[in-house]
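Coordinates in review
Chain by chain, the residues:
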Amino acid sequence: MQEADYVSYIEDAMKKTLRKGANEIEAFYSKANNLNVRIEKNEIINEKQQKTHGVGFRTIKNRAMGYSYTNQFESHIILETASKSLDIAKISQSYDFWEGLPTPKKLPPVKEIYDPKISNISAEEAVELALVMLNTVREDKRVQVDTGSVHIMDVETILLNSNDIFYEEKSTYIVLLLMCFARTDEDIGSFAFDYEASRKYNIDPVELAIRIKDLTIRGLGAKEPESRECEILLDPNATREILGTISYGINSENIQKKSSPFEGKIGQKVASELLSIEDHGVIDGGLNSTSFDGEGTPPQRTKILTKGELKAYTYNCFTAFREGKESTGHASRASYLTPPRVGVTNLIVGLGSKTKEELIDEIDYGIYIGRISGNFRPQNGMISGTIKQGFLIEHGEITTPLIGTMVSGNTLDWMKNVTGIGKEPKKTFIGPIPPLRIEGVKIIGRK
Amino acid sequence: MYDLLTKTIDYGQKLTDFLEIRCENIVDFEVALENGEIKRISEGNISGCCARALYNGSWGFAVTEILTKESLFSMVKSAVSLAKGSEKSKRQKIELAETKIIEDNVILPVKKDPTKVNTEEKVSIIKRMDETVFDHSDRITSCSVNLDSHTVEKTYINSEGTNFTEKITRTEASIFAVAKDGNLISPASESIAGTVGFEIFDEFEPEQLARIVAERATKLLKARLAPAGEFTVIIDPGIVGLLAHEAFGHCAEADFVISGSILKDKIGEQMAAENVSLIDEGLTEGALGSFKYDDEGVPSQSTMVVKNGYLESYLHNRETAKIFGVEPTGNARAQSYAQDPLIRMRNTAILPGDWSFEELIEDTKDGVYLKGSMGGQADSNGEFMFGIQEGYFLENGEIGVPFRGATISGNAIQVMLDIDALGKDFTMGREGGRCGKIQSMWVDLGGPHLRTRMKIGGE
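Residues numbered from 1 in each chain as written. Chains lettered and ligands numbered in written order. Predicted model: local features only at pLDDT ≥ 70, side-chain atom pairs only at ≥ 80, totals over all residues.

Some words on the overall build of chain B
Helices and strands together make up the secondary structure of chain B, namely 10 helices and 22 strands. Taken over the C-alpha trace, chain B has a radius of gyration of 23 Å; the compact-globule value for 459 residues is 23 Å, and the two agree within 12%. For chain B, the spread of C-alpha atoms along the principal axes amounts to about 70 × 55 × 35 Å. Across the 459 residues in chain B, those meeting the buried criterion constitute 58%. (Helix = DSSP H or I, 4+ residues; strand = E, 2+ residues; numbered from the N terminus. Rg over C-alpha atoms; globule rule 2.2 N^0.38 Å. Buried ≥ 20, exposed ≤ 12 C-beta atoms within 10 Å, placed from the backbone.)

Now the structure itself:
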């Protein structure tokens, strides 16, 4: 059976469900080919190939929605699944403000999100990439690989709705990841973790492995610092909590259910003047770039923070209609298994003018934080966790690696206390992010 | 389907040294309520099969969702081909410990099958929870309630002759509320879950769960921030279970042991206070991590990891059991047919002692009482960190003023060695959650209240 048959089954099921009384219907089909090579215990553990696909139907009846999905592409199962979504819509809640599914629009061109070279990576080539990483980090036998992987993904999505939308997109991803620790007769270091991800086949496994090898070894001989308040420099991998506070806070679902700290704060200063952030859904090569969002609205470039002032929230159709607005193209869905929610695309933090070294040079006493392992509450910004891949900064230089060191505070305050932003961003899963320097952060170590 | 799988094994076993096939049919249901409004009702049914082939000491794994003879044969060929592809890179050839041949058909008991409960009744349960939260206080501004059920029918067959089917039903309700007072914002959450059907709501009144969350969110609004530093702590059974699972249990997973975990080469050595025993088991009826056979066809069991303070066993799959020369412990679990099995915990608990809760509190002149776990992580060197939702100062043997949640941290071994009092109020199960070691996996937790020392990342 070919993909064209699947699409014709889906279209047929949509027509029949409309005839059964549905007012609108949308189908989201996705197909993913995954190739994964996993490293554990300093060995290549296995190679996995996963070919998965499925379709989810969102049906609207009297302004109420139902959702149902399947991965079995027999025509009667597809029809039953679409009918099920109608049955669910009939007993679900009606929303008077619902205006309808999106209509066809000119889609923005998005470059460099599909690379046939990634699609064509063979199993042997993927193993070779993993071996290069493994052999490079293991040049120093103190380095133990806890986990590593080469992940190749080739995804195709098709979005159809009863307003004649028929959008298709192909995407590719390559992700190389390593989590290592150093072990000697006297010492065990903590995990050192880093990754490289791209939509193009342009990643250097040796560069990543050397970076992690060095980081792992530098973690040996760690000490506990004294408890005090000081300046911190967050590595791009450690900005997840700050950016998580922002992406949660601007999400219109959270605004509307009154759990966001940014409710009613458009136009107000919520961060340092140094901090400007955009959400850019169509940036070339962006890990989250796409030419249509999870329900068919073209993504756009949205100013979120400008010099610390909150500028916008993110919306899908449902949350936008509730406020009489238009969707900002932020309908997000991870796969056909879920109906669209609201999310962010690529967060672009406005760059500063200093290198990481220059930012460190200006710190008399502080902490460099590679990762934070702990808990934070985006509803109120409270954060408390253990510092990982952390180092003491003394008189402008990185000195001692840290162990048993915790950080606590509030990310809403941290956003206001940014004192420096790097000029060299790292391509992270949430966007290109530079290092951030923050003052007045509570560090818990020795008494 | 069984005949087709038998033919596929017959075909595939000629191509490789060992072959297993696992097929699953999964039915999921979810209803989500936000501030009294139905936000989502979703129902889905997916199926698929995977093949894992061991060829000359190397694994290959492939998946298909097209359940025809051609597709299943092709899946097996891919798995064998992938095993051959990585064979050259193996320094140590994988071998499997022997295990008895299983032939069985299992249905874990369910009194109220979620697939037979109508949607209106499901919505009614979470609406009652939502109303209970908002009725508690006008300072509650937000409440999200989710109800999920997950039914998997698994068929496993391997080239050694083992074949079994197992049907497992899981039901879960979770609730999250936010209270506000001016600029003060206080979130709180709870969940109940098990390998059960809707009888879970007869056993645990859903409104009671809602009341706990509402009380916690409003009470903590004006609570002071958590203190910072190292403290004598009394932790509730949920946090104790997390200590058993996250801080200690992961270090005892044999794959992590081989990588160099802090428990490497420590069998027989003292790793906890002498009164402390820790188990990982998959037999407690209704607990979220229970099942009869793991995803290699090994019977689930109760594994004594620490006995009276001394490390007794690691947690094994067939591969690591062979390396260590022991029996597999039934810990090979896969998230779904799309994933290969890894060593995962099941229901992990510290066993009880003989202190009453009141005695624990009265005996603690200076310390803190911590409640409500929020998940956590552990590191290679035994350092762990958990989120907790609420705490109370203990002064002269009495529970004092509350403080807000924070992260607690310590070294797993040291914290286990520092345990000096174990409660007798043992509970296992229903605290369940997901463990995120590469794949998401249902696990459960248990334990009594206990006393030890930990660091708190507070103000």
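Now that the structure has been shown, we can carry on.
What about the interface of chain B and chain A?
Tallying the contact residues gives 62 residues for chain B and 63 residues for chain A. Take the side of chain B that touches chain A: its biggest share by element is 11 residues, from strand β2 (residues 37–55) of chain B. Per-class residue counts for the side of chain B that touches chain A are 18 nonpolar, 29 polar and 15 charged. Alignment of strand β2 (residues 43–61) of chain A against strand β3 (residues 58–64) of chain B, held across 5 bridges, turns out to be parallel. Pairing of Gln50 of chain A across the sheet is with Val63 of chain B, part of β3 of chain B. (Contact = placed C-beta atoms within 7 Å. Nonpolar A, V, L, I, M, F, W, Y, C, P; charged D, E, K, R; others polar. Pairing = 2+ DSSP bridges.)

Side note on the nonpolar core
In terms of nonpolar packing, the biggest core is built from 244 residues, with Ala79, Ala177 and Ala412 of chain B touching the most fellow members. Apart from residues lying up to four places away in sequence, Ala79 of chain B is in contact with Ala51, Arg52, Ala53, Gly60, Phe61 and Ala62 of chain B. (Core = buried A, V, L, I, M, F, W, Y, C linked by C-beta atoms within 7 Å.)

Here we look at the sheet that holds strand β13 (residues 347–349) of chain A
Residues and elements named next belong to chain A. The strand order β10-β9-β8-β13 describes an open sheet built from 4 strands, whose pairing is antiparallel. Each end of this open sheet is capped by a strand with a single partner; those strands are β10 (309–310) and β13. In this sheet, β10 lies alongside strand β9 (residues 301–306) in antiparallel orientation, the contact comprising 2 bridges. Counted as the bridge partner of Leu305 is Leu310 from β10.

Digging into the domain arrangement of chain B
All names here are of chain B. Looking at chain B, the domain boundaries give domain 1 (2–222) and domain 2 (229–457). Averaged C-alpha coordinates put domain 1 and domain 2 at centres separated by 22 Å. Across the boundary between the two partners, domain 1 contributes 34 residues, which contact 29 residues of domain 2. Within the residue set of the side of domain 1 that touches domain 2, elements represented by two or more residues are β1 (18–34), β2, β3, β5 (140–158), β6 (163–181), β7 (184–194) and α5 (206–219). Grouping the amino acids of the side of domain 1 that touches domain 2 by side-chain chemistry returns 20 nonpolar, 6 polar and 8 charged. (Domains from an automatic or database assignment.)

Details of the domain arrangement of chain A
Residues and elements named next belong to chain A. Each assigned domain of chain A is listed here: domain 1 (3–216) and domain 2 (222–447). Relative to domain 2, the C-alpha centre of domain 1 lies at a distance of 24 Å. On the domain 2 side, the residues contacting the 37 residues of domain 1 number 28 residues. Its residues assigned to classes, the side of domain 1 that touches domain 2 shows 21 nonpolar, 6 polar and 10 charged.

Observations regarding the packing of helix α4 (residues 123–137) of chain A against helix α5 (residues 205–218) of chain A
All names here are of chain A. Look at α4 against α5: their axes get within 8 Å of each other, and the N-to-C directions meet at 30°. The angle between α4 and α5 falls in the class roughly parallel. Where α4 crosses over α5, the two elements pack in a sense that is right-handed. Residues Leu129, Val132, Met133, Thr136 and Val137 of α4 touch α5, and the partners they reach there are Pro205, Val206, Leu208, Ala209, Ile210, Ile212 and Lys213. Of the residues assigned to the contact of α4 with α5, the class counts are 10 nonpolar, 1 polar and 1 charged. (Axes fitted to C-alpha atoms, helices over the stretch in contact; angles between N-to-C directions. Parallel < 35°, antiparallel > 145°, perpendicular 65-115°, else oblique. Left-handed = near helix turned anticlockwise from the far one by under 90°.)

Section: the environment of Gly404 of chain A
Along the chain, Gly404 of chain A falls in the loop between β18 (397–401) and β19 (406–410). For Gly404 of chain A and Gly445 of chain A, which are 41 residues apart along the polypeptide, the C-alpha to C-alpha distance reads 6.5 Å. Non-local contacts of Gly404 of chain A, meaning those with residues more than four positions away in its chain, are made with Glu224 and Gly445 of chain A together with Glu383 of chain B.

With respect to the pairing of strand β16 (residues 383–395) of chain B
Residues and elements named next belong to chain B. Summarising burial for β16: 10 of the 13 residues are buried, a large majority. Taken together, the 10 bridges between strand β15 (residues 366–378) and β16 define a ladder with antiparallel strand orientation. Considered in β16, the bridge of Ser373 is made with Ile388. Here β16 runs beside strand β17 (residues 398–411); their pairing, made up of 11 bridges, is antiparallel. Residue pairing for β17: Met385 is matched across the bridge by Ser409. Between β16 and the antiparallel strand that follows it, β17, lie 2 residues; Asn396 among them carries a positive phi value of about 55°.

A few points about the confidence of the model for chain B
Residues of chain B with pLDDT of at least 70 account for 99%, and the chain-wide mean is 94. Confidence metrics for the complex model read pTM 0.93 and ipTM 0.91. (pLDDT = per-residue confidence, 0-100.)

As for unusual backbone geometry
Residues and elements named next belong to chain A. For Arg63, which is not glycine, the phi torsion reads 65° and is therefore positive. Following the sequence through the fold, Arg63 ends up in the loop between β2 and β3 (64–70). The class for Arg63 is partly exposed, based on 18 C-beta atoms found within 10 Å.

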